[in-house]
Structure formats: structure tokens, C-alpha cells
Amino acid sequence: MTKKILAVLSEYGYWGEELLGPLVAFDRQGYETVFATPNGKRPQALPPSLDPGYVDPPLGRSVTTPEVAVAARELDESERLASPISLADWIPERPYDSEPNALRLIERYYRELATLDDDIVQYDGLVIVGGSGPIVDLANNGRLHELILSFVRADKPILALCYGVAALAFARDWDDRSSIVWGKHVTGHCKEYDYKDGTGFVGVNFNMGPPPYPLEYILRDATGPDGRFHGNVGKETSVIVDYPFITARSTPDSFLGGEKMVAALESGLRRFGW
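Residues numbered from 1 in each chain as written. Predicted model: local features only at pLDDT ≥ 70, side-chain atom pairs only at ≥ 80, totals over all residues. Heavy atoms only, no water.

(A) Region of interest: the pairing of strand S2 (residues 32-37). Among the six residues in S2, five count as buried, and that is most of the element. Where strand S1 (residues 4-8) lies against S2, five bridges are found, and the strand directions are parallel. Note that in S2 the partner of Lys4 across the bridge is Glu32. In this view, the connection linking S1 to its parallel neighbour S2 by way of helix H1 (residues 16-29) has right-handed handedness. In this structure, S2 lies alongside strand S5 (residues 85-86), joined through two bridges in parallel fashion. The partner of Ala36 across the bridge, within S5, is Ile85. (Buried < 20%, exposed > 50% of the residue type's maximum accessible area, 1.4 Å probe, protein only. Helix = DSSP H or I, 4+ residues; strand = E, 2+ residues; numbered from the N terminus. Pairing = 2+ DSSP bridges. Right-handed = clockwise from strand over helix to strand, strands pointing away.)

(B) Here's a closer look at the pairing of strand S6 (residues 125-128). Burial along S6 is two-sided: Gly125 and Val127 facing one way and Leu126 and Ile128 facing the other are all buried. Note that S6 and strand S7 (residues 158-161) share three bridges and pair parallel. Bridge pairing in S7 links Leu126 to Ile158.

(C) Structural context of the pattern of salt bridges. On inspection of all chains with the given rule, the structure shows nine salt bridges. Of the charged contacts, one joins Asp242 and Lys184 as a salt bridge, the two residues approaching to 3.5 Å between their closest N and O atoms. Residue Asp242 is located in strand S10 (residues 239-242), and its partner Lys184 is located in the loop between helix H8 (166-170) and strand S8 (185-186); the two are separated by 58 residues in the primary sequence. An identical accessibility class is assigned to Asp242 and Lys184; each is buried. (Salt bridge = Lys/Arg side-chain N within 4 Å of Asp/Glu carboxyl O.)

Honestly, that's just the spatial picture; any functional story needs more than this.
Given below as C-alpha cells:
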């Protein structure tokens, strides 16, 4: 049967190739890909990700080829992204403990949340697309965290790219509160590749300067003494598979990340890159 992948994107800008790369691998296999955003708004690619002339400051070169720029723009403008699932409409939001009748509300929350494991039976894997947008609405999105935890319980592969990897570090059982990547090997945007200035988003006139947190430091802490962060600085690609997690450092790793997701689904790949 055709496999079905759920891809989650930010509403504040995704990097074009970081969606295109996995999607090319999935389309080649005949997979169906369903898209979701935090509130059901159509996602938009970050303009620099569609410009082959844009020079990535830390790398000192363009990271977007003319061919990828054209393909990413066609995808961004296509009808495929027109009607994403709304995580807000699908997954309940945990109530504040300060709300009136809080105990009844939390009981209802867990009752509604219990159906999520059944909802994801139709999907074979989860993708969290990167770019600067995930810093705003994916990294600390409680609904996305619950979705990730559901895929982990189901032992289904999860591919996270670039700043999308932050959502894995922050996805935690509410009682235990240790990261689900504790003891795992992961990669992600390393400190050397972080911007010093120019972190921007779609839909708002705001230059954050540098990212609000160094993802590498978060991942080093989240993986603990028995896991490890792999920056692979200077190597052209960095993709780590420590099942069920497939993590990709940045833009150049998008196509390889998609290929390793397919390998996990088709041939049982459980370890790669470390």
C-alpha cells in the first residue's frame, strides 16, 4: 500500500529546499504527503531560500542552486500547500492550572488527547520542515509536541530538519520532562553556522538578529551524557539516523534526509552517520 507522510511547516517561513528535498524522495516512492501548519494557514517559503544569488553569511556561499530555486518556487506556488491541516483544530491545548474548574478541564484534555494515537495510524512517518519560522511557532508548540510523542509511541520515523530539530528537544512527557532525544545521537544547526544578524520571518517586519538560542547547545543538553550532538562542521552534509529520529543539520542535508527517511521506511534503516 502507498505510504503516507505528515509534514508540518511553520506559518512564519520555511526554507524551500528543506521541504523540496524530502518531498522529492517521497514523490519518487509514490508516497502521499499531507501538510499541516499550526493554525491551518498556507505556509510560505522564506524569500532568500528561493534566490540562488543569496549568500549564506556563515558559509560564505549560496546554498540554493538555480535548479532548486526554480523547483522550490514551483512547489511553494502550487496547490499542494493550499489547504494544510490545522494543528489547533486537530489537537487540544493543555489548559492552565489557574483556570476555573482546572481538574475537570485537564481530565477533558487527556480524554480528547487519547484519540491522537488512533488518528496517526493512517500515517507512516512525520516530517518537521526547517527554516527560521519554526523558531516562532513550532519549537515550543505544545500541540506539535503531543503529535511527536504520539509518533514516538507508535515507533514511526520522524525526520526533523535544521531548526525543526528544536521541537524534538522540547517534546517531553508532562510528568517526566526529560527530552525524548535523551541518550540519542542527533544533528542540527551548529553554532558555527548560526547567523550573527538577519534572522527574519515571513509576514512580520522583524529582524531578530541572531537566533534566540543556539540550537547546538540545546541539543547537547537534551541528548545527555549517553547521547551526542554531531555538528560535522566543515563536512558538506550532516544527517544522523538514530531511530526513530532522523535529523538533518541544514539546507544541504535536505535531499539526503529525505532519502534516509525512505530507507527507514523501506529497508528498516535504524542507524546512519555515527
